[in-house]
Amino acid sequence: MAKIDIGPPDYRKFLPPVIKENYGKWKYHELVRPGVLKHVAQSGAELYTIRVGSPRLVSVDFIRDICDIADQYCKGYLRFTSRNNIEFLTDDAAMVEPLIEACRAKGLPVGGTGRSLSNIVHTQGWIHCHTPASDASGIVKAVMDDLYEYFGRDDLPAKLRIAMACCLNMCGAVHCSDIAILGVHRTPPVINHEIIQKGAEIPSLVACCPTGAIRPDPKNKSVAVKEEKCMYCGNCFTMSPGMQILDAQNDGIAILVGGKVSNARSAPSFSRLVIPFLPNNPPRWPEVTEAVRNIVETWLTHARTGERMGEWIERIGWERFFTLTNIPFSDKCIDDYIFSRETFRTSAAFKY
Amino acid sequence: MPEDRKTPQLDELEKGPWPSFVTEMKRAAAKNPAADDLLGLLERSYEDKIGHWKHGGIVGVRGYGGGVIGRYTDLPEEFPHLKEFHTMRVNHPSGWFYTTDALRTICDIWEKHGSGLTNFHGSTGDIIMLGTTTDELQPTFDEFSEAGFDLGGSGSDLRSPSCCVGPARCEYACFDTLDMCYDLTHEFQDELHRPMWPYKFKIKMSGCANDCVAAIARADCSVIGTWRDTIIIDQDEVKAYAESGLNIQRAVCDKCPTRALEFNAETKELTVIPEDCSRCMHCINMMPKAIQPGKEKGATILLGGKSTIVKSAFMSWVIVPFMKMEPPYTEFKDLIRRIWDWWDENGKTRERLGELIYRVGMGTFLREVGLPPVPQMVFRPRANPYVFWQEDEIKK
């Protein structure tokens, strides 16, 4: 029988020699050009990183392709970033240009460093998830095609981090992104009493609803939903397949903006909902790509150097953000969930 | 691929400059019938605008309660190879470093036993093996184990811890994120592989407050590198930045959130008011050659981060402002075990740690896990007088 609980392999055996020798002794780094970092150690040793975008959902042959590149130019060493980029690592400056050429020849974009758009982190969507309100890979591909140039440029006001989650379980944790693309449901669950009678633990199902919209229905040995209290989170659907939340006619996309995780300058912040709904319009979701481009371009035009999306919006004010982007403000942008009051303007100072 | 398989909508996503996942699916489909069925199923979702996966059933490998996600399509007649299409999560190495040998081994195993489709990586950090049958799970695991890889977490357990690139390549790292991630993952194999808690639990380690793994947004326990003393300024390098054209006053000092930096334009010297600095990383990011973190390094421990479901998204908040982070991480491990015990005792089903603390109050939490309240835990104190006084604080 195979050994269990061996844990992940020791990362130390995967580190290139230049990293092993200079581990913890890096002195500084430079952004050489978009997609290329140069780290210099106290010893004077140099490490070049070439960052390359990937579609995340890849075949094993794709992994073998990038292994071929790493074998040829990096002595077989590479890593991945938290945003699904590939990073080729070499201590040989002469390898940088040929490596970039090899990536280009394979159709792999080089960029995503410094003040650029990095890869979009995202979830599974229709590929493999059971609660999605939308696809993920398809929207990400469409948005990255549309914003492709910003991956390879590092002269944006600041870094730009876009994330996509296909429902608000948000496996992708989009809630602190410059722009969050979020799949949303808009209709209460459709109850299948038979499935609930067979398999659901009714007290847990009742208790799982954050707004108390689910109550027991003893007559049917099932549950009932007080529809006006439901905000379509889908928590009950995760508890039981008898609470069908998917709705092809009404599921779609919401856009939230202005979040960040870094502590630099200002505290980490949540993304805020500015577009409550856009339709699912596969295969290229034109309404979504257009909305994202509009927000990005407005930021590019108006932000000062060094301002993340949220820092720019907080400086000019959200009311100005809606004016500048021509995004209609509606009651749906005003919070009415648990922590709403802190978002109300308790001040007589504002702009038009 | 069956001759009659048409995917006109997906074909549209092979156009455009960004690398295409559809192209990747087709590469896998050329070798594997399940990957080919997946193309067909996804095309169907694009037509129907709805997902075609049922809830997971319980599947797994011997000795494990997590690590495998059961997946079954709701259209098994049309897509017979997706009748069972389970995901296996393989625990990634710290910092996602690989040799090509290791990656090729993973590819060979997965090509033999599964669809040949993967995610490098899933959101939590694992290598995602996307799609195989129930019968193939054990043989797949056996080969991964033989090759030195193990499963990651799933369900109500510790999820695979993950960390930033840390001291392997970053001069900002205030502790060894890779070692700590490796050490904790090995220490807590039981918690990782056998779900026993109210819900999932994530630990993520970032070497500095730039937080490149988004620990504060995503992890129930976020470990974020910091220092206790003062930033170190190299005045020669400051001059070099000034001469290279960086507007230090505007780009660095004016953006300092606590106005802790002063730049003398005549002497080109930069000084810090140490007690005013909040260690946000901005000045270091702008002038990495000239400014370094202080010497007394460690980490801030924050708790409660999670995504929206159920009670809104939470960001982790400070519970220990500074802790030394050195092997064998005993102080941290003792603390996290106390916290888990308390959560396990008090949490409701599907209640993340942050939601539990919010429900019962920070005061209760701090008393019960034995942590001293300090002002670093809050942005500002409460604005109401509704204090829960303890019995021993009141005259009888």
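This structure is a prediction, so every number in the text was calculated from the model and none was measured.

Parameters at a glance
Residues numbered from 1 in each chain as written. Chains lettered and ligands numbered in written order. Predicted model: local features only at pLDDT ≥ 70, side-chain atom pairs only at ≥ 80, totals over all residues. Heavy atoms only, no water. Helix = DSSP H or I, 4+ residues; strand = E, 2+ residues; numbered from the N terminus. Buried < 20%, exposed > 50% of the residue type's maximum accessible area, 1.4 Å probe, protein only. Contact = heavy atoms within 4.5 Å. Areas by Shrake-Rupley, 256 points an atom, 1.4 Å probe, with all protein chains shown as cover. Lys, Arg positive; Asp, Glu negative; His and termini not counted. Charge placed at Lys NZ, Arg CZ, Asp CG, Glu CD. Disulfide = S-S within 2.5 Å. Axes fitted to C-alpha atoms, helices over the stretch in contact; angles between N-to-C directions. Parallel < 35°, antiparallel > 145°, perpendicular 65-115°, else oblique. Left-handed = near helix turned anticlockwise from the far one by under 90°. Nonpolar A, V, L, I, M, F, W, Y, C, P; charged D, E, K, R; others polar. Pairing = 2+ DSSP bridges. Patch = residues over 30% accessible without salt bridge, like charges linked within 9 Å, V, L, I, M, F, W, Y side chains within 5 Å. Salt bridge = Lys/Arg side-chain N within 4 Å of Asp/Glu carboxyl O. Polar contact = N/O pair within 3.5 Å; in protein donor to acceptor, adjacent residues only side chain to side chain. Buried area = accessible area lost by both parts, 1.4 Å probe.

Draft legend 1. Representation of the overall build of chain B in the model. Within chain B, the secondary structure is distributed over 14 helices and 14 strands. Each principal axis of the C-alpha distribution contributes one length, and for chain B these read about 75 × 70 × 40 Å. Put simply, chain B has 396 residues, and 58% of those count as buried. Taking all contacts inside chain B whose residues are at least 6 apart in sequence as the whole, residues at least 24 apart take part in 64%. On chain B, roughly 16,200 Å² of surface is accessible, and the fraction owed to carbon and sulfur atoms is 51%. Of the charged side chains in chain B, 47 are positive and 59 negative; the average position of the first set lies 5 Å away from that of the second.

Draft legend 2. Region of the structure containing the state of the cysteines. Under the defined criterion, the tally for this structure stands at 0 disulfides over all chains. Take A:Cys208: it sits in no disulfide, and the sulfur closest to it among the cysteines is that of A:Cys236, at 5.6 Å.

Draft legend 3. Structural view of the packing of helix 9 (residues 286-302) of chain A against helix 11 (residues 318-325) of chain A. All names here are of chain A. Across the interface, helix 9 lies against helix 11 with an axial gap of 10 Å and an inter-helix angle of 110 degrees. Relative to helix 11, helix 9 is oriented roughly perpendicular. For the crossing formed where helix 9 meets helix 11, the hand is right-handed. Contacts between helix 9 and helix 11 involve Asn-294, Ile-295, Thr-298 and His-302 from the first element and Phe-321, Leu-324 and Thr-325 from the second. Looking at the contact of helix 9 with helix 11, its residues break down into 3 nonpolar, 4 polar and no charged.

Draft legend 4. Layout of the pairing of strand 14 (residues 222-225) of chain A. All names here are of chain A. Alternating residues of strand 14 divide into Ser-222 and Ala-224 and Val-223 and Val-225, and every residue in both groups is buried. Sheet topology places strand 13 (residues 214-217) next to strand 14; 4 bridges connect them, and they run antiparallel. Paired with Asp-217 across the strands is Ser-222, a residue of strand 14. Adjacent in sequence and paired antiparallel, strand 13 and strand 14 are bridged by 4 residues, among which Lys-221 carries a positive phi angle near 50 degrees.

Draft legend 5. Examining a nonpolar patch on the surface more closely. Residues and elements named next belong to chain A. There is a patch of nonpolar side chains on the surface, built from Phe-329, Ile-334 and Phe-344 and spanning about 290 Å² of accessible area. Relative to the assigned elements, Ile-334 resides in the segment after helix 11. Judged by its relative accessible area of 41%, Ile-334 falls in the partly exposed class.

Draft legend 6. Structural detail: the environment of B:Thr124. Residues and elements named next belong to chain B. On the secondary structure map, Thr-124 appears in the loop between strand 4 (117-119) and strand 5 (127-130). Judged by its relative accessible area of 12%, Thr-124 is buried. With 62 residues separating them along the chain, Thr-124 and Arg-62 place their C-alpha atoms 23 Å apart. Of the polar contacts made by the side chain of Thr-124, one reaches the side chain of Lys-202; its length is 3.2 Å.

Draft legend 7. Region of interest: the interface of chain B and chain A. On the side of chain A, 115 residues touch chain B, which itself brings 111 residues to the contact. A combined buried area of about 10,200 Å² lies between chain B and chain A, and 61% of that area is made up of carbon and sulfur atoms. Of all residues in chain B, the largest losses of buried area upon contact with chain A belong to B:Trp18, B:His55 and B:Arg169, amounting jointly to 10% of the total for that side. At the surface where chain B touches chain A, the tally comes to 10 salt bridges. The partner of B:Arg27 in a salt bridge is A:Asp65, with the nearest N and O atoms 2.8 Å apart. Between chain B and chain A we count 59 residue pairs in polar contact (both at pLDDT 80 or more) in total. Tallying contributions element by element places helix 4 (residues 100-113) of chain B first for the side of chain B that touches chain A, with 8 residues. Looking at the side of chain B that touches chain A, its residues break down into 51 nonpolar, 33 polar and 27 charged.

Draft legend 8. Molecular detail of the packing of helix 2 (residues 21-29) of chain B against helix 3 (residues 33-48) of chain B. At their nearest, the axes of helix 2 of chain B and helix 3 of chain B sit 7 Å apart, and the two run at 145 degrees to each other. Contact with helix 2 of chain B, carried on its side by B:Phe21, B:Val22, B:Met25, B:Lys26, B:Ala28 and B:Ala29, involves B:Ala35, B:Asp36, B:Leu38, B:Leu39, B:Leu42 and B:Tyr46 of helix 3 of chain B and no other residues of that element.

Draft legend 9. Representation of unusual backbone geometry within the structure. Following B:Ile309, the chain continues into B:Val310 via a peptide bond in cis, with omega recorded as 10 degrees. Relative to the helices and strands, B:Val310 is located in the loop between strand 13 (297-303) and strand 14 (317-323). A cis amide bond, omega 0 degrees, links B:Pro327 with the succeeding residue B:Pro328. Of note, A:Trp285 is a non-glycine position whose phi angle comes to about 40 degrees, a positive value. In this fold, A:Trp285 is placed in the loop between strand 17 (272-279) and helix 9. The phi dihedral of B:Asp211 is positive, around 55 degrees, even though this residue is not glycine. By the secondary structure assignment, B:Asp211 is in the loop between strand 7 (203-206) and helix 8 (215-218). A relative accessible area of 1% places B:Asp211 in the buried class.

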